[in-house]
Amino acid sequence: HKAPSEWTVPFRIPRGRLIVSDIGSESYHISQFIDHFLKPIMALQPSHIWDSFHFLSKLRSFTEVTTSTILVTADVASMYTNIDNKDGLMAVKSLFEKHRDPSRPDHYILELLRICLENNDFLFDGQFWLQISGTAMGKIFAPSYTNLFMACVDERFFAHIGYRPPFYARFLDDIFFVWTEGLSLLRLFIAEFDQAHPSIKLEWTLSREHITFLDLTIFKDLSIPSPRALCTRVHFKPTNTLRLLHKHSFHPIHTFRGIILGQLSRFYRLCTYPKDI
């Protein structure tokens, strides 16, 4: 999904990304067990969002949009592989202590998590390798684990500076927030955030008009009288071919109908205005 000009060999070989499948491995069921306990805590974090629809349900409550409102997104570079194992385990442990559950075997979950992080070996190009930092993207618990780590980074940073943006949301390594304190203070905020943790490297985008987050374009419509909320429409990447399923694919008819219905329903739910639908 990256632009062909940015490929490893431009227009010939796309960028590679190490995704090790965990299905059928010795740790597969252990990973399921770990995720069973991590996911409920992930849902309790104030910045967490499940998907675009959950994000919109939260965004609609923000009704303080003005001409000076700045829209900000940030992307965490290589988040899965850059999290130091000790820091990740400490983050999970601190959240276990914050959200206590007498029936949850915290000690054993943390020990199993450590084993999975430190013993992720795989075969590539005829050689065996051991991952010494971060988690494999194919682990079932990986999204929950990285989410909890980032939640700790978020909350510690906000506590450190004594300020939280009026609207702040994060989906895994994608961050969106609304800034109302002016551009100079925003630059200071970004500079501080970039130092929040040595494992976290952020790529920032700012705009006073519109910005892309997940599969949405978020924009202002200042013609709306106050209280004024942000508007949205579906975003398509330039590399999107708009191909979902081949018409001769061996699927039942209702699958094709379901795709059409699903897409129309998605457009209806994500677009503020009928013209965008």
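See the structure printed just above.
First things first, this report covers the structure right here in the doc. Model, not experiment: these values are computed from the prediction.

Now for the pattern of salt bridges. Scanning all chains against the criterion turns up 8 salt bridges. Close ionic contact of aspartate 106 with arginine 104 constitutes a salt bridge, the shortest N to O distance being 2.5 Å. Classification of aspartate 106 by relative accessible area gives partly exposed; the value is 22%. Salt bridges linked by common partners bring Glu111, Arg114 and Glu118 together as one network.

According to the stated counting rule, one finds 0 disulfides in the structure shown. There is no disulfide at cysteine 152, and the cysteine sulfur nearest it, in cysteine 116, is 19 Å away. Lacking any disulfide linkage, cysteine 231 is separated from the closest cysteine sulfur, that of cysteine 271, by 11 Å. The exposure class assigned to cysteine 231 is buried, which follows from its relative accessible area of 2%.

Turning to the sheet that holds strand S9 (residues 231–234), a few remarks are in order. Strand order in this open sheet of 3 strands is S7-S8-S9, and the pairing throughout is antiparallel. The sheet terminates laterally at strand S7 (210–213) and S9, the two strands that pair on one side only. On average, each strand axis in the sheet is tilted by 25° relative to the strand beside it, whichever way the strands run. One ladder, built from 4 bridges, connects strand S8 (residues 216–219) with S9; its direction is antiparallel. Across the sheet, phenylalanine 219 pairs through a bridge with cysteine 231, a residue of S9. Contacts from helix H2 (residues 52–59) reach S7, S8 and S9, with the element oriented near 15° to S8.

Spatially, 4 strands are ordered S4-S5-S1-S6 in an open sheet, and the strand pairing comes out antiparallel. Each edge of the sheet is formed by a strand with only one pairing partner; in this case those strands are strand S4 (167–171) and strand S6 (202–207). Neighbour-to-neighbour, the strand axes of this sheet turn through a mean angle of 15°, independent of strand direction. For strand S1 (residues 70–76) and S6, the ladder comprises 6 bridges, and the chain directions are antiparallel. Considered in S6, the bridge of valine 72 is made with leucine 206. The strands touched by helix H6 (residues 142–161) are S1, S4 and strand S5 (174–179); relative to S4, the strand with the most contacts, the crossing angle is about 155°.

Conventions and cut-offs
- Residues numbered from 1 in each chain as written.
- Predicted model: local features only at pLDDT ≥ 70, side-chain atom pairs only at ≥ 80, totals over all residues.
- Heavy atoms only, no water.
- Salt bridge = Lys/Arg side-chain N within 4 Å of Asp/Glu carboxyl O.
- Buried < 20%, exposed > 50% of the residue type's maximum accessible area, 1.4 Å probe, protein only.
- Disulfide = S-S within 2.5 Å.
- Pairing = 2+ DSSP bridges.
- Helix = DSSP H or I, 4+ residues; strand = E, 2+ residues; numbered from the N terminus.
- Axes fitted to C-alpha atoms, helices over the stretch in contact; angles between N-to-C directions.
- Contact = heavy atoms within 4.5 Å.

So, to be careful, I would describe these as geometric facts and stop short of saying anything about function.
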